[in-house]
Amino acid sequence: TGPGDVKYTTKVGIGLDPEWEEETFFTIADPATEKIEAEFFIKCEKNGVEQQLGDKQSFALNKLLKDKATYKGLVVPGGKADMMFTAIDFGDEEAADEDDAFMDFL
């Protein structure tokens with residue numbers, strides 16, 4: 001689910017380890033506060049019943065880099081779901097330098 005309750009549903013994958021190569025686009029008004037939510041379901045091939053796989057997850061958008069794909073993952077029972085997020089018209093050009101001030105006590 002994207003901002004403004006915009007929903008996107010992928011095609012149904014076959015088998016226990018399906019792969020998708022799909023793209024979708026959401027309009028983001030405020031990346032500092034808006035999030036993308038993801039839920040994954042499996043569908044039984046025999047009776048068509050869907051079952052949620054893992055918990056609903058929220059992904060913050062405020063740390064995405066402009067025009068650079070960023071990996072996001074979701075651990076689910078028996079595996080994981082991998083996604084790539086790309087900020088098209090927002091985000092920093094480069095990652096912020098890491099602050100190593102916590103090491104000052106050494």
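Residues numbered from 1 in each chain as written. Predicted model: local features only at pLDDT ≥ 70, side-chain atom pairs only at ≥ 80, totals over all residues. Heavy atoms only, no water.

**Q** Quick one: what's the story with the overall build of the protein, residue by residue and with numbers?
**A** Helix and strand counts for the protein come out as zero helices and four strands. Ordered by position from N to C terminus, the α and β elements of the protein give β-β-β-β. Once local pairs closer than 6 in sequence are excluded, the contacts in the protein between residues at least 24 apart make up 37%. (Helix = DSSP H or I, 4+ residues; strand = E, 2+ residues; numbered from the N terminus. Contact = heavy atoms within 4.5 Å.)

**Q** Which residues make up a negative patch on the surface, and what values do they have?
**A** Together, Asp-67, Asp-89, Asp-92, Glu-93, Glu-94 and Asp-97 give the surface a local cluster of negative charge. Relative accessible area serves as the criterion here: at 63%, Asp-89 is assigned to the exposed category. (Patch = residues over 30% accessible without salt bridge, like charges linked within 9 Å, V, L, I, M, F, W, Y side chains within 5 Å. Areas by Shrake-Rupley, 256 points an atom, 1.4 Å probe, with all protein chains shown as cover. Salt bridge = Lys/Arg side-chain N within 4 Å of Asp/Glu carboxyl O. Lys, Arg positive; Asp, Glu negative; His and termini not counted. Charge placed at Lys NZ, Arg CZ, Asp CG, Glu CD. Buried < 20%, exposed > 50% of the residue type's maximum accessible area, 1.4 Å probe, protein only.)

**Q** Tell me about the pairing of strand β2 (residues 50-60), residues and numbers included.
**A** Pairing analysis gives eight bridges linking strand β1 (residues 35-43) to β2, with the strands arranged antiparallel. In the strand pairing of β2, Glu-37 is matched with Ser-58. Joining the antiparallel neighbours β1 and β2 is a turn of six residues, in which Gly-48 adopts a positive phi near 75°. (Pairing = 2+ DSSP bridges.)

**Q** Break down the nonpolar core for me, citing the residues and quoting the values.
**A** Generally speaking, nonpolar side chains in soluble globular proteins are found buried as a group. Listed in full, the 10 residues of the largest apolar core are Ile-28, Ile-36, Ala-38, Phe-59, Leu-61, Leu-64, Met-83, Phe-85, Ala-87 and Phe-90. Only β1 and β4 (79-85) provide two or more residues apiece to this core. With sequence-adjacent residues up to four places away left out, Phe-59 is seen in contact with Lys-35, Ile-36, Ala-38, Lys-72, Gly-73, Met-83 and Phe-85. (Core = buried A, V, L, I, M, F, W, Y, C linked by side-chain atoms within 4.5 Å.)

**Q** How would you summarise the pattern of salt bridges if you had to cite specific residues and measurements?
**A** Under the criterion given, the structure shown has one salt bridge. Of the charged contacts, one joins Glu-37 and Lys-56 as a salt bridge, the two residues approaching to 3.5 Å between their closest N and O atoms. Pair noted here: Glu-37 is in strand β1 and Lys-56 is in strand β2, with a separation of 19 residues, a long-range link. Under the relative-accessibility criterion, Glu-37 is labelled partly exposed at 31%.

**Q** I'd like to hear about the packing of aromatic side chains, residue by residue, with values.
**A** Tallied over the entire structure, the rule returns one aromatic pair. Residues Phe-59 and Phe-85 carry aromatic rings whose centres are separated by 5.6 Å and whose planes lie at 50° to one another, so their mutual orientation is tilted. With Phe-59 in strand β2 and Phe-85 in strand β4, this pair connects stretches of sequence that are 26 residues apart. With a relative accessible area of 7%, Phe-59 lands in the buried category. (Phe/Tyr/Trp six-rings, centres within 6.5 Å; stacked < 30°, edge-to-face > 60°.)

**Q** Got a sec to walk through unusual backbone geometry? Specific residues and values, please.
**A** Keep in mind that most residues, glycine aside, have a negative phi and that most peptide bonds are trans. In this model, Asp-67 sits at a positive phi of 60°, which is unusual for a non-glycine residue. For Asp-67, a relative accessible area of 54% corresponds to the exposed category.

**Q** Give me the lowdown on the environment of Pro-77, citing residues and values where you can.
**A** Mapped onto the fold, Pro-77 is located in the loop between β3 (70-76) and β4. Assessed through its relative accessible area of 61%, Pro-77 is described here as exposed. A C-alpha to C-alpha distance of 7.1 Å links Pro-77 and Leu-53, two positions 24 residues apart in sequence. Apart from residues no more than four positions distant in its own chain, Pro-77 is found in contact with Leu-53 and Gly-54.

Function cannot be inferred from these measures alone, as they are strictly geometric.
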